[in-house]
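Residues per chain, in single letters:
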Amino acid sequence: MVVEDNDLNRRLFCDVLKANGFDVDPVATGEEVLSKARSTVPDLIIMDIQLPGMSGVDLITAAKQDQSLSAIPVLAVTAFAAKGDEERIRAAGAAGYLSKPVSILPFMNAVKSLLTD
């Protein structure tokens, strides 16, 4: 599942994942994330942190507290790159962290590593 409010970024992440053989479920708003994840049970959630109306950190925390979602790894992809942001995002439950702009090779390496753990 790719959670990204920016149409261009969401399309890019989805295209790269599809080109590497992954099925992708794009989500544009934070409000959809938890219910869609409960119904589809993705292998991985790629989560933007800056979402309108709802923080990606809050969504990660909520997913990790939900018994049906807690085992799903979350890769945070964010423009937040200030000191302490990675620690705060990982403390919420993110298994991986990448700062934007994201290059394709590190992105795919992070995805593959989280899916094989």
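Structural data are supplied above this passage.
What counts and how
- Residues numbered from 1 in each chain as written.
- Predicted model: local features only at pLDDT ≥ 70, side-chain atom pairs only at ≥ 80, totals over all residues.
- Heavy atoms only, no water.
- Axes fitted to C-alpha atoms, helices over the stretch in contact; angles between N-to-C directions.
- Helix = DSSP H or I, 4+ residues; strand = E, 2+ residues; numbered from the N terminus.
- Parallel < 35°, antiparallel > 145°, perpendicular 65-115°, else oblique.
- Left-handed = near helix turned anticlockwise from the far one by under 90°.
- Contact = heavy atoms within 4.5 Å.
- Nonpolar A, V, L, I, M, F, W, Y, C, P; charged D, E, K, R; others polar.
- Core = buried A, V, L, I, M, F, W, Y, C linked by side-chain atoms within 4.5 Å.
- Buried < 20%, exposed > 50% of the residue type's maximum accessible area, 1.4 Å probe, protein only.
- Salt bridge = Lys/Arg side-chain N within 4 Å of Asp/Glu carboxyl O.

> Account for the packing of helix α2 (residues 30-40) against helix α3 (residues 56-65), naming residues and giving values.
The contact between α2 and α3 brings their axes to 10 Å, and the two run at 20°. Considering their axes alone, α2 and α3 lie roughly parallel with respect to each other. Remark: the crossing between α2 and α3 carries right-handed chirality. Mapping the contact onto sequence places G30, V33 and L34 in α2 and L59, A62 and A63 in α3. Taken together, the residues that form the contact of α2 with α3 break down as 5 nonpolar, 1 polar and no charged.

> Which residues make up the nonpolar core, and what are the values?
Judged by nonpolar contacts, the single largest core of 22 residues is most densely connected at V3, I45, M47, I60 and I89. At the level of elements, α2, β3 (45-48), α3, β6 (74-78) and α4 (85-92) are the ones that each hand at least two residues to this core. Looking at this core element by element, the count peaks at 4 residues for α3. Other than its neighbours up to four places away in sequence, M47 contacts V3, V33, G56, L59, I60, V74, L75, A76 and V77. Grouped together as the second largest cluster of nonpolar side chains are 16 residues, V2, V16, L17 and L75 included.

> Can you explain the pattern of salt bridges? Please cite residues and give values.
The tally for this structure, following the rule as stated, stands at 7 salt bridges. D25 is paired through a salt bridge with K36; the nearest N and O atoms lie 3.4 Å apart. Taken together, the residues span a long stretch of sequence, with D25 in the loop between α1 (7-19) and β2 (26-27) and K36 in helix α2 at a distance of 11 residues. Classification of K36 by relative accessible area gives partly exposed; the value is 25%.

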